[in-house]
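A structural walkthrough
Read off the chains here:
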Amino acid sequence: MPFTPDVELDLLFPADQIPIDVRKQLPAELHIRPLASTDYRRNHLSVLSVLTVVTDPGESAWRAQFETLRATPRTYYSIVIVDKASDRIVAVGTVFIEHKFLRGLGCVGHIEDIAVDKSQQGKKLGLRIIHALTGISENSGCYKTILNCSDSNIPFYEKCGFQKKENEMAKYA
Ligand code: ACO
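What counts as what
- Residues numbered from 1 in each chain as written.
- Predicted model: local features only at pLDDT ≥ 70, side-chain atom pairs only at ≥ 80, totals over all residues.
- Heavy atoms only, no water.
- Buried < 20%, exposed > 50% of the residue type's maximum accessible area, 1.4 Å probe, protein only.
- Helix = DSSP H or I, 4+ residues; strand = E, 2+ residues; numbered from the N terminus.
- Pairing = 2+ DSSP bridges.
- Core = buried A, V, L, I, M, F, W, Y, C linked by side-chain atoms within 4.5 Å.
- Contact = heavy atoms within 4.5 Å.
- Salt bridge = Lys/Arg side-chain N within 4 Å of Asp/Glu carboxyl O.
- Disulfide = S-S within 2.5 Å.

Observations regarding the pairing of strand E1 (residues 30-34)
Remark: a regular strand shows side chains that alternate across the two faces of the sheet. Most of E1 is tucked away, with five of its five residues classed as buried. Where E1 meets strand E2 (residues 76-83), five bridges bridge the pair, whose relative direction is antiparallel. From the neighbouring strand, Pro-34 faces E2, where its bridge partner is Ile-79.

Focus: the nonpolar core
Of all hydrophobic cores here, the largest spans 41 residues; its most connected members are Ile-32, Ile-79, Ile-81 and Leu-125. At the level of secondary structure, the elements contributing two or more residues to this core comprise E1, helix H2 (44-48), helix H3 (59-70), E2, strand E3 (88-99), strand E4 (107-116) and helix H5 (125-139). What Ile-81 contacts, discounting residues up to four positions off in sequence, is Leu-26, Leu-30, His-31, Ile-32, Arg-88, Ile-89, Val-90, Ala-91, Leu-125, Arg-128 and Ile-129.

Brief notes about the pattern of salt bridges
Between side chains of opposite charge, a pair can form when the charged atoms approach closely. Applying the stated criterion across every chain, the model contains ten salt bridges. When the shortest N-O distance is used, the salt bridge between Asp-10 and Arg-70 registers 2.8 Å. Of the two residues, Asp-10 sits in the segment before helix H1 (20-25) while Arg-70 sits in helix H3, which places them 60 residues apart along the sequence. Note on Asp-10: relative accessible area 31%, which makes it partly exposed.

Observations regarding the environment of Val-7
Among the structural elements, Val-7 can be located in the segment before H1. Sequence separation between Val-7 and Glu-98 is 91 residues; the distance between their C-alpha atoms is 29 Å.

Describing the state of the cysteines
Across all of its chains, the model carries zero disulfides by this definition. Here Cys-149 is not cross-linked by a disulfide; its sulfur's nearest cysteine counterpart is in Cys-160, at 10 Å.

Take a look at the structure:
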C-alpha cells in the first residue's frame, strides 16, 4: 500500500500537537502521527497484540471506538509510527489526560498501551513514542505523567526519564 500523508487522513487530534523535535529524530522511512480513522487496516491491532491479548472486534466496531475517543476532545491522544514503504503501523502509544479538581484544576497524563512491533524493537521507537506522549501531556498543562509497567520494563522507562514511585493496585472484574 502506498504511504498516505496526514492531509488525506481523518485524524484523532491535530498532528501539530506531536512535538516537532520527536518528528525530527525519526529516520526518513518512518512517520509519527495521531491515530487515523482508517488505521484498523494498517496493522493497529496486531501491533497492540505484542503487549497483551487483543480480540479483533471488526472494523466497524473499531471505528465506533475511534469516534468515542474523538468525541471527548483534549483527552485521548493515541499516536502511531508508520513505516512509509508499507503504510503499516510499527509502533503505538496513548496518553489519556485526566482533568482534576485538585492542584488548581490541574491535570495528569496517564500513558497507556505502548507497543513496538517485534521486528522494530530496539531501534528507539519506544523511546520516541514516550517522548512524544510526555510532550503532549506537558503541553496540555499536566503537572505529572504516570504509567504502570512490569518489573522487566522498568529499565526502559528509566531510560525515558521516569522514576519508580509508589505501587500499582488492581482489581479485575
Ligand atoms: N530492559 C532494559 N532496557 C531496555 C528494555 C528492557 N526491557 N527495553 C528497552 N530498553 C532500553 C534500550 O536498550 C534502549 O537503551 P539505550 O538508549 O541505552 O540504547 C532504551 O531502553 C530505549 O529502547 P527502545 O529501542 O526505544 O525500545 P523499544 O523500541 O524496543 O520499545 C518496548 C520498548 C515498548 C518495551 C517494546 O520492547 C515493546 O513493545 N515491548 C512489548 C510490549 C510492552 O511491554 N509494552 C510496554 C508496556 S507498559 C505500558 O504500556 C505503559
